[in-house]
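Summary of structural features
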Amino acid sequence: MKTVFSPLHNRRTATTELDGGVLIAPHEKPSRAETILGRVKQEQLGDVLPPEDFGLEPVLRVHTPDYVSFLQTCWKDWEAEDKPGEAIPAVWPGRGMRERVPKDIDGRLGYYSFAAETSITEGTWDAACASANVALTAQALVANGEPAAFALCRPPGHHAHADLLGGYCFFNNAAISAQAFRDQGAKRVAILDVDFHHGNGTQAIFYQRSDVLTISLHGDPDLVFPHFLGFEDETGEGDGNGYNQNLVYPPGTPFEVWREGLETACQRITEYQPEALVIALGVDTFEDDPISFFKLTSADYLLMGERLATLNLPTLFTMEGGYDVDAIGVNVVNVLKGFERGR
Ligand code: OKP
Ligand code: MG
Ligand code: ZN
């Protein structure tokens, strides 16, 4: 399987993440991508290609123009006000307040975000664009006949809505890629999100559509991020009714239980008969992940990949979360090796 990777992920080097009332070093850090790339090479998964530049057009098929413009100038606008630190939202349009876009950068930061842990810095825009191009380049490989491809995206994407950043995400790489498959003629596309967290952005983007099936397995949002979306009664709306599925699990969930959800998801995908599959691949389901509470082991990721392969669909993997950097390379490449073995 080919991997697409851009060294420009390195332009995203925030030094802060608001956590527990203090600014910690971010969990979503450059060594994550470098460790995965190292393991891809060590295991000889396949060629590693640089991304092509697709410009903003495919991004704008999913994200609103005003949000994209905000992201593009956010750091410059923040710096222009001589702020001493990284750009962190601290005010939101709460219940009963007005949903209008303020002029001031503090106001716009709140308008275009749903959480405060994702500090914006100088290179964030460049890295987010590179990450989308990585996804789109891998998407093109699959669209042009590769059975599967791995988009080694960083920053991740699945929490980003059409006009909201948060959860370390800016552009929703999985959604942008699914939309690209649609725009190239695929009638139905499925997105399966195996990251520990609910793919709230992906769900929201396609919630009223039946042409992109969205399924996410994740930790109970009653207990964990993103807290305000991802419950099992969210099944889609309007045309999208019946085309979103959330499979929610409690703390301590081992693979033997998690795989039942995977089975449910796989059966739904088979029934849906998509022409392409996007896997939002996070490995923060790992037992030693510092911010998550499932108990998957490194060997389990091989089995996960094998089951995904039996769907027998053109498959794009987009990299999402996973924060135990010591194990992230092994776990990600195990999914991809399991997939190759299962084909
Ligand atoms: C991004 B992805 C840690 C709180 C973390 C944000 C989590 C973002 C996860 N104390 N909150 O889905 O892996
Ligand atoms: Mg998930
Ligand atoms: Zn996650």
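See above for the structure.
Residues numbered from 1 in each chain as written. Chains lettered and ligands numbered in written order. Predicted model: local features only at pLDDT ≥ 70, side-chain atom pairs only at ≥ 80, totals over all residues. Heavy atoms only, no water.

For K29, the position within the fold is in the loop between β3 (22-24) and α1 (30-42). Each C-alpha atom, one on K29 and one on E52, is 23 Å from the other, the two residues being 23 residues apart in sequence. The residues touching K29, leaving out its near neighbours within four places in the chain, are R154 and V325. (Helix = DSSP H or I, 4+ residues; strand = E, 2+ residues; numbered from the N terminus. Contact = heavy atoms within 4.5 Å.)

With parallel pairing, eight strands are arranged side by side in an open sheet as β4-β1-β5-β10-β9-β6-β7-β8. Sheet topology places β4 (48-49) and β8 (244-249) at the edges, where each strand pairs with a single neighbour. Sheet topology places strand β1 (residues 2-4) next to β4; two bridges connect them, and they run parallel. Directly across from T3, in β4, lies its bridge partner V48. Each of β6 (189-193), β7 (212-219), β8 and β9 (276-281) touches helix α8 (residues 255-272); the most contacted strand, β7, lies at about 175° to it. Contacts between helix α10 (residues 325-342) and the sheet are confined to β5 (148-151), β9 and β10 (315-319), with β10 contributing the most and set at about 175° to the helix. (Pairing = 2+ DSSP bridges. Axes fitted to C-alpha atoms, helices over the stretch in contact; angles between N-to-C directions.)

Looking at ligand 1, there are 13 residues lining it, with D19, H158, H159, D284 and Y323 nearest. Y323 places a side-chain nitrogen or oxygen 2.5 Å from an oxygen atom of ligand 1. Taking 410 Å² as the accessible area of ligand 1 by itself, protein coverage stands at 84%. Of the residues assigned to the shell around ligand 1, the class counts are four nonpolar, five polar and four charged. (Near = heavy atom within 4 Å. Polar contact = N/O pair within 3.5 Å; in protein donor to acceptor, adjacent residues only side chain to side chain. Areas by Shrake-Rupley, 256 points an atom, 1.4 Å probe, with all protein chains shown as cover. Nonpolar A, V, L, I, M, F, W, Y, C, P; charged D, E, K, R; others polar.)

Here we take up the packing of aromatic side chains. Within the structure shown, the criterion is met by 13 aromatic pairs. Aromatic pair Y67 and Y112: ring centres 6.0 Å apart, planes at 50°, arrangement tilted. With Y67 in helix α3 (residues 65-80) and Y112 in the loop between α4 (105-111) and α5 (124-143), this residue pair connects regions lying 45 residues apart in the sequence. Look at Y112 and you get buried, because its relative accessible area is 2%. Measuring from centroid to centroid gives 4.8 Å for Y111 and Y112, while their planes differ by 80°, and the two rings are edge-to-face. Within the aromatic cluster, the residues linked to one another by ring pairs are Y67, F70, Y111 and Y112. Taking NZ or CZ as reference, K83 lies 5.1 Å from the ring centre of W78, over its face. Across from the ring centre of Y272, 6.0 Å away, lies the NZ or CZ of R188, which sits over that ring. (Phe/Tyr/Trp six-rings, centres within 6.5 Å; stacked < 30°, edge-to-face > 60°. Buried < 20%, exposed > 50% of the residue type's maximum accessible area, 1.4 Å probe, protein only. Lys NZ or Arg CZ within 6 Å of the ring centre and 35° of its normal.)

Each donor-metal-donor angle in an ideal tetrahedron of four donors is 109.5 degrees, and each such angle in an ideal octahedron of six donors is either 90 or 180 degrees. Taken together, the protein ligands of the magnesium ion (ligand 2) are D193 (OD), D195 (O), H197 (O), S216 (OG) and L217 (O), with distances of 2.5 to 2.6 Å. Spacing between the donor residues of the magnesium ion (ligand 2) along the chain follows D-x1-D-x1-H-x18-S-L. Each of the two residues, S216 as well as L217, counts as buried. (Donors = N, O, S within 2.8 Å, 3.2 Å for Na, K, Ca; no water.)

Within the protein, the zinc ion (ligand 3) binds to D195 (OD), D195 (OD), H197 (ND1) and D284 (OD); these donor distances fall in the range 2.0 to 2.8 Å. Written as a sequence motif, the donor arrangement for the zinc ion (ligand 3) is D-x1-H-x86-D. The class for D195 is buried, based on a relative accessible area of 1%.

Let us look at the environment of A178. Here A178 shows up in helix α6 (residues 173-183). Residue classification places A178 among the buried positions, given a relative accessible area of 0%. Sequence separation between A178 and L136 is 42 residues, and the spatial gap between their C-alpha atoms is 9.4 Å. Apart from residues lying up to four places away in sequence, A178 is in contact with V189, I191, F206, V212 and V278.

Within the largest apolar cluster, 98 residues are counted, with the highest numbers of intra-cluster contacts made by F150, F171, L192, L281, M304 and F317. Considering each element in turn, this core owes the most residues, 10 residues, to α5. Ignoring sequence-local partners within four residues, the contact set of F150 consists of M1, K2, T3, V4, I36, V40, A138, L281, F317, M319, V332 and L336. (Core = buried A, V, L, I, M, F, W, Y, C linked by side-chain atoms within 4.5 Å.)

The subject of this paragraph is the pattern of salt bridges. By the definition in use, this model includes 16 salt bridges. One salt bridge connects E146 with K2, and the closest N-O pair in it is separated by 2.8 Å. Residue E146 is found in the loop between α5 and β5, and its partner K2 is found in strand β1; the two are separated by 144 residues along the sequence. E146 sits in the partly exposed class, given a relative accessible area of 25%. The partner of R154 in a salt bridge is E28, and the shortest N-O contact between them spans 2.7 Å. Of this pair, R154 sits in the loop between β5 and α6 while E28 sits in the loop between β3 and α1, and the two are 126 residues apart along the sequence. Take R154 and E28: they sit in the same class, and that class is buried. (Salt bridge = Lys/Arg side-chain N within 4 Å of Asp/Glu carboxyl O.)

Shape is all these values report; function is a separate question.
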